[in-house]
Amino acid sequence: MAYATTANPALSVVDSAALVPAVAARFSRLSVDDQLALLWFVYTEMGKSITPAAPGAARLHLAEGLLEQIKAMQPEEQLQVMRDLAAKRNTPTSRAYGALSVNTKLAFWYRLAQWMDEGTVIGVPQGYRMSRPAQEILNVLVTKADFSQQISILRKAVIDMGIDPLS
């Protein structure tokens, strides 16, 4: 995947306290494919420092069945499930994902990114180019956000995916 960091005046003037909500709001306006590409990049390239966040609090075993279902699918189906999650489409997978805790959702995407990196699950297509807004968010995550802000932005991104089965 090709990417470049660029400066965006709208994001560069944001004070530290407003950084997380500003970036999270911009993330939610990205295309579904840009959201997935950005998550994949953050988890695979920055994964050494951005972990599933609070692994003890993440009950990944609650998501293992869902993860294994995705892993067993054909690559095109895997991509569609991820798109459905990001697009908040009302599917059985989206409802199952929606029932997970925030930390489990973080761990869920972390596991998917690991499998993408291994080639077990479909990754971002070779040559995929993120949009300028996605590149700007990546730039903020890499150069301006501290670890706490990075995790907060990821939390806001993954918590909004899927469908809350209780709503």
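Parameters and conventions
Residues numbered from 1 in each chain as written. Predicted model: local features only at pLDDT ≥ 70, side-chain atom pairs only at ≥ 80, totals over all residues. Heavy atoms only, no water. Core = buried A, V, L, I, M, F, W, Y, C linked by side-chain atoms within 4.5 Å. Buried < 20%, exposed > 50% of the residue type's maximum accessible area, 1.4 Å probe, protein only. Helix = DSSP H or I, 4+ residues; strand = E, 2+ residues; numbered from the N terminus. Contact = heavy atoms within 4.5 Å. Expected span 1.5 Å × (residues − 1).

The next point concerns the nonpolar core. Grouped together as the largest cluster of nonpolar side chains are 47 residues, with contacts concentrated most on Y97, F108, W109 and L112. Mapped onto this core, the elements with two or more residues apiece are α2 (16-28), α3 (32-45), α4 (64-72), α5 (75-87), α7 (102-118), α8 (132-143) and α9 (147-159). With nine residues, α7 is the largest single contributor of residues to this core. Residues contacting L112, with those up to four places away along its chain left out, are L67, I70, M82 and V121.

Turning to α5, a few remarks are in order. Along its 13 residues, α5 runs 18 Å from first to last C-alpha, staying within 8% of the 18 Å computed at 1.5 Å per residue. Along α5, the residues that are buried comprise Q78, V81, M82, D84, L85 and A86.

Turning our attention to α7. Taking 1.5 Å of rise per residue, 17 residues should cover 24 Å, and α7 covers 25 Å from first to last C-alpha, within 8% of that figure. Along α7, twelve of the 17 residues are buried, which leaves the element largely enclosed by surrounding structure. If you check which residues of α7 are buried, you get N103, T104, K105, L106, A107, F108, W109, Y110, L112, A113, W115 and M116. Once α7 ends, the next one or two residues include G119, with phi positive near 90 degrees.

Topologically, A113 is positioned in helix α7. The spacing of A113 and V42 is 71 residues in sequence and 9.1 Å in space, taken between C-alpha atoms.

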